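Chain by chain, the residues run as shown.
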Amino acid sequence: MKTQVKALVVGGGAVGTSIAYHLAKAGWDDVMLLERDELTSGSTWHAAGLLPYFNMSYATTHIHDYSIRFYKTLEEETGLNAGFAVVGNLRMAQTDERMDEYMLYAATAETCGVPYEFMTPDEIKAKWPLIRTEDLKGALYHQTDGYINPADVTMAMAKGARQRGVAIERKWQADAFHWNGTHWEVTATKMIEKGGNLVPSDEQIVITAEHVVTASGNHAQRTAQMLGIKMPAIPVEHQFIVMDQDPALVEFRKGEGNVEHPVIRDADAQSYVREERGGWILGVYEKHAPARFEYGVPDSFRADLFQLDLDRIESQYEAMIHRIPSCEDSGLKDDFNGPICYTPDGNPLVGPAPGLRNMWLAEGFSFGITAAGGTGYYLAQLMVEGEAEIDMASLDPKRYGDWMTTEFAARKNEEAYEHVYILHHPDEERPAARPLRTSPAYDRQAARGAQFGWVNGWERPNYYAPQGFNDHDSRSFRRGGWWQYAVEEARAIREGVGLIDATAFTKHVVKGPGATQFLDWFTCNKLPSVGRINLTYALTGAGTTRTEYTIVRIAQDEYYLVSAGAWTAYDSDYLRKAIEDKSPEFGYIECHDVTTQWGVFAIAGPKTRDVLNEIVKDATPETVFSNKRFPWLTMRNIELGMCPVRAIRVAYTGELGWELHHPIEMQNYLFDQLEKAGEKHGLKLVGARAQNWLRQEKSYRAFGTELGRDATPVEADLPRFIDMSKEFHGKAAMEAHGVKAKCVTLLIDGPDDADPWGREVLYHPDGRTGRLTSGGYSVAFGKSIGMGYVKPEHAVPGTKLQVKMFDQLWDAVVTEDSPYDPKNAVIRIDG
Ligand SMILES: Cc1cc2nc3c(=O)[nH]c(=O)nc-3n(C[C@H](O)[C@H](O)[C@H](O)COP(=O)(O)OP(=O)(O)OC[C@H]3O[C@@H](n4cnc5c(N)ncnc54)[C@H](O)[C@@H]3O)c2cc1C
C-alpha cells in the first residue's frame with residue numbers, strides 16, 4: 001500500500017469515488033481512496049437512485065446535468081453497466097402556484113441547456129392511464145433523466161478510477177490529520193470484523209498527501225472534529241417503501257409500446273413513486289423526520305437501517321393510492337429508513353475547508369447519487385486548475401460561520417428535509433432556529449413591522465408591513481403581498497429619506513507595516529488615500545471576482561474593509577490565507593474580523609442632510625455634511641448625539657446618503673436619535689428588498705449575483721474599478737480570460753403581475769444569449785428591471801432582447817449603465 005500520494009480521498013461512497021475518478025481524469029496520476037468498510041457501505045447502498053434534474057440553483061443544475069450525461073458514458077468506458085434507466089421524470093402540479101414554480105425552474109434550466117417540456121393532464125392520462133389526473137393542473141417532464149443503481153454506478157466509477165491509476169484501499173479508516181507545512185500526514189487504521197462490528201485493529205500507517213478530500217458521508221461530524229473545524233452536515237432519517245406487484249401495472253406493461261413509467265413526483269403530496277419489478281417504490285419527504293448522529297455514527301452502525309416509521313408517512317401513502325388507485329391492494333414488500341446527510345440549506349459543502357491548506361470538503365450530500373458525477377468533475381477542476389468553470393460559492397463550506405452550532409445544524413437540517421417539496425418561493429424565508437443572530441435594534445424594528453430575512457444567521461429587515469401582516473401568506477412567484485410595501489420604501493428613498501439596517505455587512509480591519517503593499521497586490525483598484533474610500537475587487541487566481549470590497553483608509557497603514565454580509569467566513573478565510581502567504585514578502589500584517597463590533601445604518605434620500613443636521617454635534621453643524629467638508633467617497637468620524645460614528649459617504653441606493661458605522665452597543669441609542677430626528681422629515685424604515693431594486697436602477701453589481709467566480713471584473717463591465725497600470729493578484733489570468741460574456745442592465749416590459757427574480761433565460765433574435773442574475777421592479781421607470789450576462793455583441797445599449805417568464809417571452813432593452821441618474825448628480829449633490 002502506498003504511503004505517499006498527491007491526493008488522498010477519504011470515503012468510498014458515490015461522491016468520494018467520483019472525485020477520485022475525476023482527479024485522475026484531470027491528470028493527477030497519484031490518487032488514493034481510503035474506505036473504512038466496503039465501497040458504497042455508507043448512504044450510497046440504500047439510495048433509491050433517482051437522478052432528478054429539478055433544482056432551483058444555477059450551480060447545482062450544472063452539477064446534476066453533468067452527472068446525468070456522464071453516467072450514460074460509463075458503460076462504454078468501463079464495460080460495467082451502471083443500471084441507468086432513462087425513464088424520464090414527471091413532476092406533477094396540483095395548483096397554479098406549483099405550475100408557476102415549474103415555470104420559474106424551467107427558465108433557469110434553459111440557461112443551462114437542460115431539456116424539459118410541459119404536459120397537460122390529458123397528455124399525461126393518454127400516456128400513463130394508471131395515473132389519476134383530474135385534480136392536476138399539469139406537469140413538468142424531463143425526458144432525459146430517470147434512476148440508476150447507486151451501487152453499480154459507484155462500482156463503474158471505481159473501475160474507471162482504477163483504470164486511470166487510482167489506488168482504492170478498503171477497510172482503512174482515516175483517524176488523524178496533521179499538516180506539516182507542505183503536506184498532510186494522515187494516520188490510517190486497518191479495520192477488522194469483530195462480532196459483526198467493524199473495529200480498528202492495532203495496524204496503523206501514516207500516508208503523506210499533498211491534498212486531502214473528505215467525502216465521509218454520515219461520518220462528517222467525526223471528520224470535522226478530527227480537522228478541528230465546524231461542518232453543518234448531519235444526517236436525517238429518510239424512508240422509502242417497496243410494494244408488491246400491482247396487477248394493473250403488470251398488465252399495462254404488457255401493452256404494445258407501453259414502456260416503464262417515468263419517476264412520478266407528486267410534489268404537493270411530498271412524495272415520489274417509481275416502478276420496481278411490477279410494483280411501485282414510494283419515497284417521501286415527510287414532516288418530523290429526526291436528525292441522527294449529531295455527535296457521530298456509533299461503531300455498531302454499519303450498512304444498517306433504522307426502523308420504518310409508517311405513522312409518519314401515512315398521509316403520503318394515502319396520497320399515493322389517490323394518485324395511482326390501482327396500487328391500493330399491493331402489500332408492503334420491503335422498506336428502507338436510512339440516514340441521509342443534510343445541510344441547513346440542502347446544498348452540499350464542497351470546496352476548501354475553513355482555515356486549512358489543501359484540505360477539500362465534499363460533505364453533506366442529500367442528493368448525492370445525482371450530484372456525485374458533477375461534484376467530482378467541478379471539484380477536480382477547482383483542485384487541479386485552481387477554479388471551476390461554474391461559481392462554486394453557493395456550495396462553499398464557508399457559507400456558515402463560527403457562530404454555527406450542532407443544535408442549529410440539526411434543527412435546520414430537519415427543516416431542509418421537510419422543505420424538499422414545499423413551494424420554493426424565491427421570497428421564501430424559513431423559520432427554524434430563528435431568531436438567532438440579532439442586532440440590538442431588532443426589537444425596535446420588529447415593533448415597527450419589520451419582516452425579517454435570514455442572512456448568514458442575522459435577522460435583517462426585508463421590508464416593513466402593518467401589524468398583523470402575514471409574510472408567509474404573502475409569498476408568491478409573482479408580485480407577493482409585500483410588493484406594495486417595497487414600492488413605498490423605494491419611493492421614500494428616491495423622494496424623501498429612508499433608513500436601512502446594514503449591520504450584517506462583513507467588516508475586517510487590515511493594518512500593519514505590510515498592509516498597504518499587501519492590499520495593493522490583493523485588490524485590483526487603486527488604494528484610497530487616508531480618509532477616502534474605494535470600491536475594489538479581490539480576484540481569484542483565475543482572474544474572476546472572489547470578493548467585492550469597499551475599502552476605507554483609516555490611517556496610512558490601516559484599512560477598514562466592508563464586504564457582503566452573507567459571506568463573512570468565506571471572505572475572512574481568503575483574506576487571512578493571502579495575508580499569511582504574503583507577510584514574509586510585504587511585512588507584518590494584522591487582520592481582524594470586526595463584523596459583530598460595528599452596527600451599520602444606511603441613511604439615504606434627498607432629505608438625508610435635513611435629518612442628520614438635527615443630531616450632529618459640531619461647532620458648525622450645518623456644514624458637516626456639505627460637499628466641502630464631507631465630499632462623496634470620503635470617511636469622517638462624526639458625533640451623532642452621543643454616538644461616535646464612522647460615517648462613510650456612499651449609498652448603495654444611488655441617492656444622497658451615508659453609511660453610519662457605529663459601536664454595536666450604541667445602536668439603539670442611535671436608532672432612537674435618527675428616528676426622532678427623522679419624524680418631521682418623513683424618515684421611513686426601508687428593507688433589503690427595496691434596496692435591491694434601487695441598486696439595479698444604478699447598475700450596482702451585487703456579490704453573489706453579478707459578481708462571482710465565473711466572471712472577471714472586466715466581464716462585469718467595471719473598468720473604472722480596475723487599475724491596469726499596477727500589478728495585482730489575478731491580473732494576468734483576467735487578461736487571458738478575455739470577455740466571454742458581459743454584464744448589462746435591462747428594462748423589461750414583463751407581465752402586469754410579476755417581475756423577474758434574476759434566474760431567467762435571455763434571448764436575442766439570433767438565439768439564447770445569456771441569463772438574468774438579478775431582477776425586480778424599478779420605481780423610477782415604472783416597470784421591471786434586471787441585470788445579467790449576455791454575449792458581448794448583445795451588450796450594446798439599445799439592444800432588444802427577450803426574457804422568459806412564465807413560459808412566455810417578454811421584451812427587454814439593454815440600457816446604458818446606471819439608467820437612473822447616470823451622471824451621479826443626486827449622489828454628489830451639495831447642501
Ligand atoms: C433511503 C434513502 C434514499 C435515497 N435516495 C436517493 C436518490 O434517489 N437519489 C439521490 O441522489 N440520493 C439519494 N439518497 C442520498 C444518497 O444516498 C446520498 O446523498 C449519497 O449516498 C451520499 O454519498 P456519499 O459518498 O457522500 O456518502 P456515503 O455513501 O455515506 O459514503 C461515505 C463513505 O465514507 C466512508 N468513511 C467515513 N469516514 C471515513 C474515514 N474516516 N475513513 C475512511 N472512510 C470513511 C464511509 O464508510 C462511507 O462508505 C438517498 C438516501 C437515503 C437514506
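Preceding this section is the structure that the text describes.
Keep in mind that what you see is a predicted model, and the values were worked out from it rather than measured.

S.K.: Could you give an account of empty space enclosed by the protein, naming the residues involved and the relevant values?
M.R.: As enumerated under the stated definition, the model contains five cavities of 30 Å³ or more in all. When its volume is computed, the second largest cavity comes out at roughly 70 Å³. Lining the second largest cavity are Asp100, Met103, Leu104, Ala107, Phe477, Asp755, Trp757, Glu760, Lys804, Met805 and Phe806. Put simply, the parts of the chain that give the lining of the second largest cavity at least two residues each are helix 4 (96-111) and strand 36 (800-805). Element by element, the count of residues in the lining of the second largest cavity is highest for helix 4, at four residues. Its residues placed into classes, the lining of the second largest cavity shows seven nonpolar, no polar and four charged.

S.K.: Account for the site of the ligand, with residues named and values stated.
M.R.: If you check the shell around the ligand, you find 37 residues, and the closest are Glu35, Thr44, Phe365, Gly368 and Thr370. Separating an oxygen atom of the ligand from a backbone N or O atom of Ser43 is a distance of 2.8 Å. Ala48 has a polar backbone atom sitting 2.9 Å from a nitrogen atom of the ligand. When contributions to the shell around the ligand are tallied by element, the ones reaching two or more residues are helix 1 (14-25), strand 2 (31-35), strand 9 (172-179), strand 12 (234-245), strand 16 (332-342) and helix 10 (368-385). Across the shell around the ligand, the residue classes break down as 16 nonpolar, 18 polar and three charged.

S.K.: Go over the sheet that holds strand 22 (residues 506-511), please, and point to the residues and values.
M.R.: Spatially, 23-24-25-22-26 is the arrangement adopted by the five strands of the open sheet, whose pairing is antiparallel. Every other strand in the sheet has two partners, leaving strand 23 (533-539) and strand 26 (590-593) as the edge strands with one partner each. Sheet twist, expressed as the average angle between the axes of neighbouring strands with direction ignored, equals 30°. Packed onto the sheet, helix 14 (residues 515-522) meets strand 22, strand 23, strand 24 (545-555) and strand 25 (558-563) and runs at close to 35° relative to strand 25. Contacts from helix 15 (residues 568-586) reach strand 22, strand 23, strand 24, strand 25 and strand 26 within the one sheet, and its direction differs from that of strand 22 by about 15°.

S.K.: Can you break down the nonpolar core residue by residue, with the values?
M.R.: If you look at the biggest cluster of nonpolar residues, it comprises 102 residues, and the most contacted ones within it are Leu23, Tyr71, Val213, Leu379 and Leu746. Counting residues per element, this core draws most heavily on helix 10, at eight residues. In this structure, Tyr71 is in contact with Leu51, Phe84, Ile148, Val153, Met157, Ile369, Thr370, Ala372 and Gly373, ignoring residues within four places of it in sequence. Core analysis: the next-biggest nonpolar cluster, separate from the first, contains 30 residues, Leu499, Val611, Leu640 and Trp658 among them.

Rules behind the numbers
Each chain carries its own residue numbering, running from 1 in the direction its sequence is written. Thresholds applied to this predicted model are a pLDDT of at least 70 for local features of residues and 80 or more for the giving and counting of side-chain atom pairs; totals over whole chains, interfaces and linings are not thresholded and use all residues. Heavy atoms from the whole structure form the basis of all side-chain values; hydrogens and water molecules are not counted. Residues are said to line a cavity or pocket when one of their atoms sits within 4 Å of a point; the points come from a 1 Å grid over protein atoms alone, cavities being sets where a 1.4 Å probe fits but cannot get out and pockets being open sets with protein on both sides within 12 Å along at least five of seven lines. Grid points are joined across faces, edges and corners, and a volume is the space filled by probe spheres set on the points. Numbering goes from the N terminus for both helices and strands, where a helix is a DSSP run of H or I of at least four residues and a strand is a run of E of at least two. Residues are grouped as follows: nonpolar covers Ala, Val, Leu, Ile, Met, Phe, Trp, Tyr, Cys and Pro; charged covers Asp, Glu, Lys and Arg; every other residue, Gly included, is treated as polar. Here a residue is considered near a molecule or strand provided that any single heavy atom belonging to it is located within 4 Å of it. Contacts described as polar in this section are N or O atom pairs within 3.5 Å, which, within protein, must combine one atom able to donate a hydrogen with one able to accept it, while residues neighboring in sequence count only if both atoms come from side chains. By this definition, two strands are paired if DSSP reports at least two bridges between them. Axes, fitted as lines to C-alpha atoms, cover a helix only where it is in contact. Angles between the N-to-C directions of the axes lie from 0 to 180 degrees. Note on definitions: a residue-residue contact is assigned when non-hydrogen atoms from the two residues lie within 4.5 Å. To define a nonpolar core, start from buried Ala, Val, Leu, Ile, Met, Phe, Trp, Tyr and Cys residues and group those joined through side-chain atoms within 4.5 Å. Three labels apply to residues, based on accessible area from a 1.4 Å probe with only protein chains included: buried if under 20% of the type maximum, exposed if over 50%, partly exposed otherwise in between.

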